[in-house]
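# Structural characterization, general
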Amino acid sequence: QILAWIDKAQQMGGPLSAEFQYFDGNSDPNLSRLLHLSSTVVETTQGERFLLMISDRTAERDANKFKSKWVSTVSHEFRTPLNALKNMIEALSYADLEENHQKFLTLGRNATNLL
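About the cut-offs
Residues numbered from 1 in each chain as written. Predicted model: local features only at pLDDT ≥ 70, side-chain atom pairs only at ≥ 80, totals over all residues. Heavy atoms only, no water. Helix = DSSP H or I, 4+ residues; strand = E, 2+ residues; numbered from the N terminus. Rg over C-alpha atoms; globule rule 2.2 N^0.38 Å. Buried < 20%, exposed > 50% of the residue type's maximum accessible area, 1.4 Å probe, protein only. Pairing = 2+ DSSP bridges. Axes fitted to C-alpha atoms, helices over the stretch in contact; angles between N-to-C directions. Left-handed = near helix turned anticlockwise from the far one by under 90°. Contact = heavy atoms within 4.5 Å. Nonpolar A, V, L, I, M, F, W, Y, C, P; charged D, E, K, R; others polar. Core = buried A, V, L, I, M, F, W, Y, C linked by side-chain atoms within 4.5 Å. Salt bridge = Lys/Arg side-chain N within 4 Å of Asp/Glu carboxyl O.

Regarding its fold elements, the protein chain presents three helices and three strands. Helices (α) and strands (β) of the protein chain occur, in sequence order from the N terminus, as α-β-β-β-α-α. Relative to the 2.2 N^0.38 estimate, which gives 13 Å for 115 residues, the radius of gyration of the protein chain is 28 Å and therefore markedly larger than a compact globule would have. C-alpha extents for the protein chain along the principal axes are approximately 90 × 35 × 20 Å. Out of the 115 residues belonging to the protein chain, those deemed buried represent 16%.

Have a look at this one:
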């Protein structure tokens with residue numbers, strides 16, 4: 001597949017780019033490499049030359065997966081106890097409270113509504 005893309009890029013002569021998932025004899029997508037290929041034609045003193053650049057974006061892909069999972073986990077870990085607080089504040093709002101306690105309850109309600 002990569003070789004076919006290189007042939008196409010050489011025939012077209014213009015700048016192209018594509019990403020390929022490379023399985024090094026293993027079909028497990030978690031063990032695959034992500035390769036970015038880009039090509040162009042450059043002018044040299046000897047004439048036009050086909051230039052192919054290959055970069056391995058595997059680490060970038062893996063870092064993005066880790067970041068997404070981390071953000072999801074942290075978000076869940078914060079949201080769970082905060083929802084409990086919000087529900088407790090809501091339950092307390094039905095109680096007959098003194099004015100200074102009601103102010104604290106209003107502050108808590110406003111803060112949890114921002115979440």
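The next thing to look at is the pairing of strand S3 (residues 47-56). Across 10 bridges, the pairing between strand S2 (residues 33-44) and S3 is antiparallel. Directly across from Ser 39, in S3, lies its bridge partner Leu 52. Following S2, the chain reverses through two residues before pairing antiparallel with S3.

This part takes up the packing of helix H2 (residues 58-92) against helix H3 (residues 99-113). Where H2 meets H3, the axes come as close as 10 Å, and the angle between the chain directions of the two elements is 140 degrees. Handedness of the crossing formed by H2 with H3: left-handed. Taken together, the residues of H3 that come into contact with H2 (itself represented by Lys 86, Ile 89, Glu 90 and Leu 92) are Leu 105, Gly 108, Arg 109, Thr 112 and Asn 113. Looking at the contact of H2 with H3 residue by residue, the classes come out as three nonpolar, three polar and three charged.

Attention shifts here to the pairing of S2. Here strand S1 (residues 16-22) pairs with S2 via seven bridges, running antiparallel. Paired with Tyr 22 across the two strands is Arg 33, which belongs to S2.

Counting residues in hydrophobic clusters, the biggest one holds seven residues: Trp 5, Ile 6, Ala 9, Ala 18, Phe 20, Leu 35 and Leu 37. Only helix H1 (2-12), S1 and S2 provide two or more residues apiece to this core. No other element matches the three residues that H1 contributes to this core. Excluding anything up to four places from it in sequence, Leu 35 contacts Ile 2, Ala 18, Glu 19, Phe 20, Tyr 22, Ser 55 and Asp 56.

Our focus in this paragraph is the pattern of salt bridges. Tallied over the entire structure, the rule returns four salt bridges. One salt bridge connects Asp 62 with Arg 61, and the closest N-O pair in it is separated by 3.2 Å. Using a relative accessible area of 35% as the deciding quantity, one classes Asp 62 as partly exposed. Overall, Arg 61 belongs to the buried group, its relative accessible area being 14%. When salt bridges with common partners are traced through the structure, they connect Glu 19, Arg 57 and Glu 60 into a single cluster.

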